[in-house]
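# A structural walkthrough
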Amino acid sequence: MQTGMLLKSLIRAPKTTIKNPWVKTPQRPPYILEQDKKAVAKYNRHIKKNSNRTFLIRPKLLPEPFIGNPHTAVVIFLGLNPCYKRSDSLTHTDQKFRLAVQRNLRHKKSRYPFYPLNPRFRNSGVATWWRKCLSELLEEIQDDALVAKKVCAIEWFPYHSKRAKLRGFRKNPLPSQEYSFSLLREALRDKTKTVVLMRADTEWREQVASLRGVLRLKNPQRSYVSRGNIGTKQFRRLLRAISDQRI
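From a predicted model like this one, the values you see are computed outputs, not experimental measurements. (Residues numbered from 1 in each chain as written. Predicted model: local features only at pLDDT ≥ 70, side-chain atom pairs only at ≥ 80, totals over all residues. Heavy atoms only, no water.)

## Some words on the overall build of the chain
- Secondary structure summary: the chain contains 12 helices and 5 strands in total.
- A compact globule built from 247 residues would reach a C-alpha radius of gyration of about 18 Å, and the chain, at 18 Å, matches this within 12%.
- Expressed along its principal axes, the backbone C-alpha trace of the chain runs to roughly 55 × 45 × 35 Å.
- Within the chain, the proportion of its 247 residues that are buried is 49%.
- Long-range contacts, defined as pairs at least 24 residues apart, comprise 70% of the intrachain contacts of the chain with a sequence gap of at least 6.
- With the model as given, the accessible surface of the chain reaches about 13,900 Å², and the carbon-plus-sulfur share is 50%. (Helix = DSSP H or I, 4+ residues; strand = E, 2+ residues; numbered from the N terminus. Rg over C-alpha atoms; globule rule 2.2 N^0.38 Å. Buried < 20%, exposed > 50% of the residue type's maximum accessible area, 1.4 Å probe, protein only. Contact = heavy atoms within 4.5 Å. Areas by Shrake-Rupley, 256 points an atom, 1.4 Å probe, with all protein chains shown as cover.)

Dropping the structure here:
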């Protein structure tokens with residue numbers, strides 16, 4: 001094979017070589033991957049002894065390291081970790097919701113890969129939060145199923161907590177986190193994707209060589225993806241990417 005052809009084949013080849021660890025997510029709680037159990041248990045023991053229990057990792061909730069299909073989405077949102085509210089405990093016992101999360105963790109096809117936009121789960125905490133964040137985009141596009149296919153969220157940390165106190169994992173990330181980091185690196189190499197940093201600027205920058213070209217919210221404390229919080233020009237860029245139209 002000629003050098004030029006070899007380079008082209010390498011460029012086109014899939015970039016993520018790390019296997020998806022979430023295919024081995026336990027089928028019943030605790031939903032902590034085997035490779036993460038020791039570190040998570042140590043963290044929770046420390047929190048119970050020395051800190052506010054709102055920082056506890058919630059092992060009875062299915063992890064959500066990413067929502068949506070990171071390989072086919074054209075807009076990637078970066079967050080810190082999935083939140084916890086009391087109502088989530090009930091949502092995660094719902095068989096259809098659990099199935100949606102489990103299929104998502106395995107990158108299985110779905111009409112709503114970004115399942116917070118599935119009308120069946122409209123009353124769930126994750127749907128309430130994301131519908132609020134994306135309300136302006138959803139209003140403009142008027143096609144939730146399309147948006148669900150075109151967007152994906154990747155969390156820096158995969159497990160739920162009411163509040164985040166995850167600095168210790170910056171120095172020593174969980175083994176499973178490397179898959180999320182690799183998904184971001186892949187997205188940054190793909191010029192057809194737009195990455196939006198919503199939270200955890202410092203944490204993400206420690207894991208990739210550069211966040212150049214990544215869009216940022218003006219006020220990360222208010223996670224609205226709106227004209228006012230990301231800028232009109234960049235908001236229109238997201239609309240074009242999702243709707244495949246000149247806007």
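## Some thoughts on the packing of aromatic side chains
- Tallied over the full model, the rule gives 13 aromatic pairs.
- Ring centres of Phe 181 and Trp 204 lie 6.0 Å apart, and the angle between their planes is 85°; on these two criteria the pair is classed as edge-to-face. Taken as a pair, Phe 181 in helix α9 (residues 177-189) and Trp 204 in helix α10 (residues 201-205) lie far apart in primary sequence, 23 residues in all.
- Note on Phe 181: relative accessible area 1%, which makes it buried.
- Feature note: the residues Trp 22, Tyr 43, Trp 156, Phe 157, Tyr 159, Phe 169, Phe 181 and Trp 204 constitute an aromatic cluster, connected by ring pairs.
- Directly above the ring of Phe 55 sits Lys 165, whose terminal nitrogen or CZ lies 5.2 Å from the centroid. (Phe/Tyr/Trp six-rings, centres within 6.5 Å; stacked < 30°, edge-to-face > 60°. Lys NZ or Arg CZ within 6 Å of the ring centre and 35° of its normal.)

## Quick look at the sheet that holds strand β3 (residues 151-155)
- The 5 strands are arranged β1-β3-β2-β4-β5 in an open sheet whose pairing can be described as mixed. Each edge of the open sheet carries a strand with a single partner, namely β1 (66-67) and β5 (215-216).
- Sheet topology note: the strand β2 (residues 75-79)/strand β4 (residues 194-197) ladder contains 4 bridges and is parallel. Along β4, the bridge assignment pairs Val 75 with Thr 194.
- In the packing of α9 onto the sheet, contacts are made with β1, β2, β3 and β4, and the angle to β3 comes to roughly 135°. (Pairing = 2+ DSSP bridges. Axes fitted to C-alpha atoms, helices over the stretch in contact; angles between N-to-C directions.)

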